[in-house]
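Each chain is listed here by its residues.
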Amino acid sequence: MTNPAIDIPITTSSVARRWSLPVWLVIICFVTFSVLLGAGVAIWKNAPPIPAIVRSPSHEIILTQADIKNGQETYLARGGQHIGSVWGHGSYLAPDWTADFLHRWGLATAGVLYNESPDFEQTDLEAIAAPERASLEARVKQQFKTNRYDSETQELLLTEAQVKGIERVFADYSELLKHGSAVHSIPNGWFADDKQIHDVSAFFAWTAWTAAANRPGSPFSYTANWPHDDLIGNQPPAQFLIWSIVSVIVLIGAIATFLFIYLRSEEETVETKQQTLELPAITPSQKVTSLFFVVAMALFLVQIGAGMITAHYAVEGHGFYGIPLDKFLPYAASRTWHLQLAVFWIATCWLAAGLYFAPSFGREPKYQGIANAGLLVALTVVVVGSVVGVWAGIQGILGNKYSFWFGHQGYEYVELGRVWQLLLIGGMVFLVVADVSRPPTCLKERRKHYGFKSFLLL
Ligand code: HEM
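Residues numbered from 1 in each chain as written. Predicted model: local features only at pLDDT ≥ 70, side-chain atom pairs only at ≥ 80, totals over all residues.

Here we come to the overall build of the protein. In terms of regular secondary structure, the protein is built from 15 helices and 8 strands. What you see for the protein is a C-alpha radius of gyration of 28 Å, clearly larger than the 23 Å of a compact globule of 458 residues, by over 25%. If one aligns the C-alpha atoms of the protein with their principal axes, the spans along those axes are about 90 × 55 × 40 Å. The proportion of buried residues among the 458 residues of the protein is 33%. The long-range share in the protein, meaning contacts at least 24 apart out of those at least 6 apart in sequence, stands at 68%. (Helix = DSSP H or I, 4+ residues; strand = E, 2+ residues; numbered from the N terminus. Rg over C-alpha atoms; globule rule 2.2 N^0.38 Å. Buried ≥ 20, exposed ≤ 12 C-beta atoms within 10 Å, placed from the backbone. Contact = placed C-beta atoms within 7 Å.)

Rendered as structure tokens:
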């Protein structure tokens, strides 16, 4: 049986481009990564301080830097960003803890200022007559917006009302973190240890302070008045709204300009050539590479399963059709698996596509099949290690220190422990170096037909 004849479109450009597309790619990567790195340095330099001591006017120590840092590590190690969020990024089944803590703290402080009691709800505030309420709100704003951090001594002074308010919020959080909540899919006993509960609350309190207190010399807070809260005076500054709108317009304008210039300078002619398909024999490395796709499909199925469990938790916070699943696979773990496995199966397909097509560009190097099998084993070790690791981190089995390295780093999309992340990056870099160092004679031959596409594929 002869192979069918197919039409192959060959595109040629009649206008010579001053710079080729790979050069543009390098320029764009250079510019955008420079901006990204510049922004990273600016964020690092302007990060809000973590006070050595947070104290009351009577010199009582309310929190220490060690409490806040330990709370942050504990929160991240236990997959906190997959249950709620701080400073606005993370999951939203539970509240944004910065916003929640800040508002509770604002209300409790208002209660102390109003009638000496921190037991004060939103309804109590709304029941106050308008003029009196406005005066109370102005006093609450003054308490929270004034920055009482001393950079010399590294001490943060809270007002008497704020101290009474924060104690009330700590009591609320102790209840929530210990006994969980079906509405927010927080398992009963998420934290059993009182010290951990105190420190995680201290971390939330610190994020709330940074969101409220004005940055020195500035009319808005360290987080540019985010999250929004009218009670403590967090409204978005006008220039941020304007710059957000301007940036969207600039983005759309830049894309339009690029397309305009590209399409104007490009006159392509498409020629169609008939060619009989040659189906080359499958090489040993390609046979091994097919297994990558089997692994990717398995990961995809588990990812979808984890997505379905995650979705169900929004309805039945503690379980799955009556099974108390949150004891073994809590929301934070199923959501983490859902996101992390998506990254893994996409990366596996990307690797596999490159490996599968590579022999079509020339002769297959000796032992390539064994090398690909080695890569598959390495990938499996990283996937299994990180999937088990994030689960163990969330369940509190690994402790804060080991969770960072082998369990859960706590970030979204980069959940896997740092060791697994480094191994994955190492594998990718090795693959790129191995590909680029291979003499691309075949690529040169084919370049006239496929050009930039061959470059991208490699
Ligand atoms: C039956 C299929 C799926 C179900 C039931 C499902 C369910 C979910 C659920 C419940 C969440 C959490 C939403 C939240 O935090 O509020 C989620 C988030 C997410 N899912 Fe899926 N998912 C499915 C398929 C996929 C696929 C195929 C991908 C990617 C290849 C994907 C990528 C993501 C990502 C990236 C997030 C995080 C979004 C964010 O944080 O904003 N999902 N999914």
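Glancing now at helix 5 (residues 130–145). Given a rise of 1.5 Å per residue, 16 residues ought to cover 22 Å, and the 22 Å separating the end C-alpha atoms of helix 5 matches this to within 8%. All of the buried residues in helix 5 are V140, Q143 and F144. Along the axis of helix 5, the buried positions cluster into a sector of 85°, meaning they face one direction only. Away from its buried face by more than 90 degrees, helix 5 exposes P131, A134, S135 and A138. Tucked into the core, helix 5 has its buried residues touching helix 3 (97–115), helix 6 (160–179) and helix 7 (194–212). (Expected span 1.5 Å × (residues − 1). Arc of directions from axis to C-beta.)

Moving on, we get to unusual backbone geometry. A cis geometry characterises the amide bond from W226 onward to P227, with omega recorded as 0°. Assignment of secondary structure puts P227 in the loop between helix 7 and helix 8 (238–265). At E116, a position not held by glycine, the phi torsion is positive, near 70°. By the element assignment, E116 lies in the loop between helix 3 and helix 4 (122–127). Despite not being glycine, N225 has its phi angle at roughly 60°, a positive value.

A few words now on the sheet that holds strand 7 (residues 155–157). Across the sheet, 4 strands lie side by side as 3-2-7-6; this open sheet has mixed pairing. With one partner strand each, in any of the chains shown, strand 3 (61–64) and strand 6 (149–150) form the two edges of the open sheet. Pairing analysis gives 2 bridges linking strand 6 to strand 7, with the strands arranged antiparallel. When the bridges of strand 7 are listed, Y149 appears paired with L156. (Pairing = 2+ DSSP bridges.)

By a widely used convention, the size of an interface equals the accessible area lost when the partners come together. As assigned here, the protein comprises domain 1 (48–235) and domain 2 (284–457). Taking only C-alpha atoms into account, the centre of domain 1 sits 38 Å from that of domain 2. Contact with domain 1, which involves 19 residues of that partner, is made by 24 residues of domain 2. Of all the secondary-structure elements, those providing two or more residues to the side of domain 1 that touches domain 2 are helix 2 (65–77) and strand 5 (89–90). Among the elements that take part in the side of domain 1 that touches domain 2, helix 2 stands out by supplying 4 residues, more than any other. For the side of domain 1 that touches domain 2, the residue count by class is 7 nonpolar, 10 polar and 2 charged. (Domains from an automatic or database assignment. Nonpolar A, V, L, I, M, F, W, Y, C, P; charged D, E, K, R; others polar.)

Looking now at the site of the ligand. All residues adjacent to the ligand are S91, Y92, L93, I304, G307, M308, T310, A311, R335, H338, L339 and A342. Secondary structure elements with two or more residues in the shell around the ligand: helix 9 (284–313) and helix 10 (331–357). In terms of residue count, the dominant contributor to the shell around the ligand is helix 9 (5 residues). For the shell around the ligand, a count of residues per class yields 7 nonpolar, 4 polar and 1 charged. (Near = placed C-beta within 6 Å.)

What follows is about the packing of helix 9 against helix 11 (residues 368–394). When two helices pack together, their arrangement is given by the angle between the helix axes and by the axis-to-axis distance. Look at helix 9 against helix 11: their axes get within 7 Å of each other, and the N-to-C directions meet at 15°. Considering the angle they form, helix 9 stands roughly parallel to helix 11. Pair helix 9 / helix 11 crosses with left-handed handedness. In this structure, helix 9 uses P284, S285, K287, V288, T289, L291, F292, V295 and L299 to contact helix 11, whose residues at the interface are Q368, G369, N372, A373, L376, T380 and V383. (Axes fitted to C-alpha atoms, helices over the stretch in contact; angles between N-to-C directions. Parallel < 35°, antiparallel > 145°, perpendicular 65-115°, else oblique. Left-handed = near helix turned anticlockwise from the far one by under 90°.)

Another aspect to go through is the packing of helix 10 against helix 11. It is at 10 Å that the axes of helix 10 and helix 11 come closest, and there the two elements cross at 170°. Judged by the inter-axis angle, helix 10 sits roughly antiparallel to helix 11. In contact with A332, A333, T336, W337, Q340, F344, T348 and L355 of helix 10, helix 11 contributes N372, L379, V383, S386, V387, V390, W391 and I394. Residue composition of the contact of helix 10 with helix 11, by class: 11 nonpolar, 5 polar and no charged.

A separate point is helix 3. Two residues of an α-helix separated by three or four positions point the same way, owing to the 3.6 residues in each turn. The end-to-end C-alpha separation of helix 3 is 27 Å, in line with the 27 Å expected for 19 residues at 1.5 Å each. Summarising burial for helix 3: 16 of the 19 residues are buried, a large majority. Once helix 3 ends, the next one or two residues include E116, with phi positive near 70°.

Mapping S34 onto the fold places it in helix 1 (residues 21–45). What makes S34 exposed here is the crowd of 10 C-beta atoms within 10 Å. In sequence terms S34 and N188 are 154 residues apart; their C-alpha atoms lie 46 Å from each other.

Attention shifts here to the confidence of the model for the protein. Put simply, the protein has an average pLDDT of 89, and 91% of its residues get 70 or more. Low pLDDT, under 50, characterises residues 448–458; the stretch is placed with 11 contacts to residues that sit more than four places away or in other chains. (pLDDT = per-residue confidence, 0-100.)

Our next topic: the nonpolar core. Counting residues in each nonpolar core, the largest one holds 78 residues, and the members touching the most others are F101, L102, I166, F204, A205, A208 and A212. It is helix 7 that provides the largest number of residues to this core, a total of 11 residues. The two domains that each donate at least three residues to this core are domain 1 (48–235) and domain 2 (284–457). For F101, the residues in contact, after removing those within four places along its chain, are V169, F204, A205 and A208. (Core = buried A, V, L, I, M, F, W, Y, C linked by C-beta atoms within 7 Å.)

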